[in-house]
Each structure stands twice: as C-alpha cells, then as structure tokens.
Amino acid sequence: NNLRMVKEKAKGEKEIVAGNVATLDFYRKMITGTMILYAVIRWSFGFSWLHIILSLSSGVGLSLLYGSMSSAARPMYGESGNLIHAGTDLNMEGGVTDYFKDIIIVTCVIMILSLISDYFWYGWLIIPGFALVKL
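Parameters at a glance
Residues numbered from 1 in each chain as written. Predicted model: local features only at pLDDT ≥ 70, side-chain atom pairs only at ≥ 80, totals over all residues. Heavy atoms only, no water. Helix = DSSP H or I, 4+ residues; strand = E, 2+ residues; numbered from the N terminus. Rg over C-alpha atoms; globule rule 2.2 N^0.38 Å. Buried < 20%, exposed > 50% of the residue type's maximum accessible area, 1.4 Å probe, protein only. Contact = heavy atoms within 4.5 Å. Areas by Shrake-Rupley, 256 points an atom, 1.4 Å probe, with all protein chains shown as cover. Polar contact = N/O pair within 3.5 Å; in protein donor to acceptor, adjacent residues only side chain to side chain. Phe/Tyr/Trp six-rings, centres within 6.5 Å; stacked < 30°, edge-to-face > 60°. 1 Å grid on protein atoms, 1.4 Å probe; cavity = no way out; pocket = protein on both sides within 12 Å on 5 of 7 lines; lining within 4 Å. Points joined across faces, edges and corners; volume = space filled by probe spheres on them. Nonpolar A, V, L, I, M, F, W, Y, C, P; charged D, E, K, R; others polar.

**Topic: the overall build of the protein chain**
Thought 1: Across its full length, the protein chain holds 4 helices and 2 strands.
Thought 2: Secondary structure elements of the protein chain, listed N to C terminal, follow the sequence α-α-β-β-α-α.
Thought 3: Relative to its length of 135 residues, the protein chain is extended, with a C-alpha radius of gyration of 19 Å against a globular reference of 14 Å.
Thought 4: With the principal axes as the frame, the protein chain shows a C-alpha extent of 65 × 35 × 20 Å.
Thought 5: Across the 135 residues of the protein chain, 27% fall into the buried class.
Thought 6: Taking as baseline every contact in the protein chain between residues at least 6 positions apart, the subset at least 24 positions apart corresponds to 67%.
Thought 7: Total accessible area on the protein chain stands at roughly 9,100 Å², and carbon and sulfur atoms take up 69% of it.

This is the structure in structure tokens:
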C-alpha cells in the first residue's frame, strides 16, 4: 500500500515536470516569435528612440518573467537520478506563475498591436490596474 502511494506520487511529479516543460516551451516560442516579428516589422517601417526604449523594456521584462518561471519549475533530482521534487507546477491555477503567464501574454499582444499604433503601449497600464483591483 505504501509502495503504491510512492509510485502514484512519482507519477504525479513526472506529469508536473512534463507539463512544465511543455508550458515553458510554449511561452519561449511566444516570446521569441513576438520579438522577431516586432523587430522585423519595426525595422522595415522605421523606429524612434521611444520604440527602442519600449521594446527593450518589453524584452527585459519578458526575459525576467520567463527566467523566474523557468527557475521555479526546475526539478530536483537525487544522486541516482530519481526525481526528488518536480518544481513549482506552472499549470496550477491561482499561483504566482499564473500572473507571470498573463503578463507575458499581455506584453506580447501589446508589442504586436503597437506595430499598428503607438497608443497600444498604454495597454501596459492594464497590469498595474489589475494589481490595484486585486489588492
């Protein structure tokens, strides 16, 4: 009975690791695709110092958020290679990483929309506005 519980826990931990790998892969592709698309289109149609500052700020913010998610999700393995801890479950509802994912999505959408109009950069105000509502 005890052995079965250990096996079930290990299976759950392995599923968390697999889910985290898939989640990180999805957000890495989203961030990379957004940054490349933004750079190519912005480079083609011209840019100003404002564009450079805002896109660099976006890139730094996205990198920090992704890095934090990646660090939180890092699994721990024992000396024999067995899984000790799966890391934070990135797909858990209501966790801090849930907010990180939302901010990544909002930032990527704002970057793409800002190619249409610079006024879309004001969309970043959604993030502190949402934080104020949650407090």
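**Notes on the side chain of asparagine 20**
Thought 1: You can see asparagine 20 is positioned in helix α1 (residues 2-45).
Thought 2: According to the relative accessible area criterion, asparagine 20 is buried, its value standing at 2%.
Thought 3: Here the side chain of asparagine 20 touches leucine 90 through a polar contact of 2.9 Å, landing on its backbone nitrogen.

**A short note on the packing of aromatic side chains**
Thought 1: Taken as a whole and assessed by the stated rule, the structure comprises 6 aromatic pairs.
Thought 2: Judged by centre distance (5.0 Å) and plane angle (90 degrees), the rings of phenylalanine 26 and tyrosine 27 are edge-to-face.
Thought 3: Here the aromatic rings of tryptophan 43 and phenylalanine 47 are separated by 5.4 Å at their centres, their planes lie at 25 degrees, and the arrangement is stacked.
Thought 4: With a relative accessible area of 41%, phenylalanine 47 lands in the partly exposed category.

**Here we look at the layout of surface pockets**
Thought 1: Its volume calculated, the largest pocket comes out at about 170 Å³.
Thought 2: What lines the largest pocket is simply Tyr99, Asp102, Ile103, Val106, Ile126, Ile127, Phe130 and Ala131.
Thought 3: Taken together, the residues of the lining of the largest pocket break down into 7 nonpolar, no polar and 1 charged.

**Some words on the environment of tyrosine 77**
Thought 1: By the element assignment, tyrosine 77 lies in strand β1 (residues 76-77).
Thought 2: The spatial distance from the C-alpha of tyrosine 77 to the C-alpha of leucine 64 is 25 Å, given a sequence separation of 13 residues.

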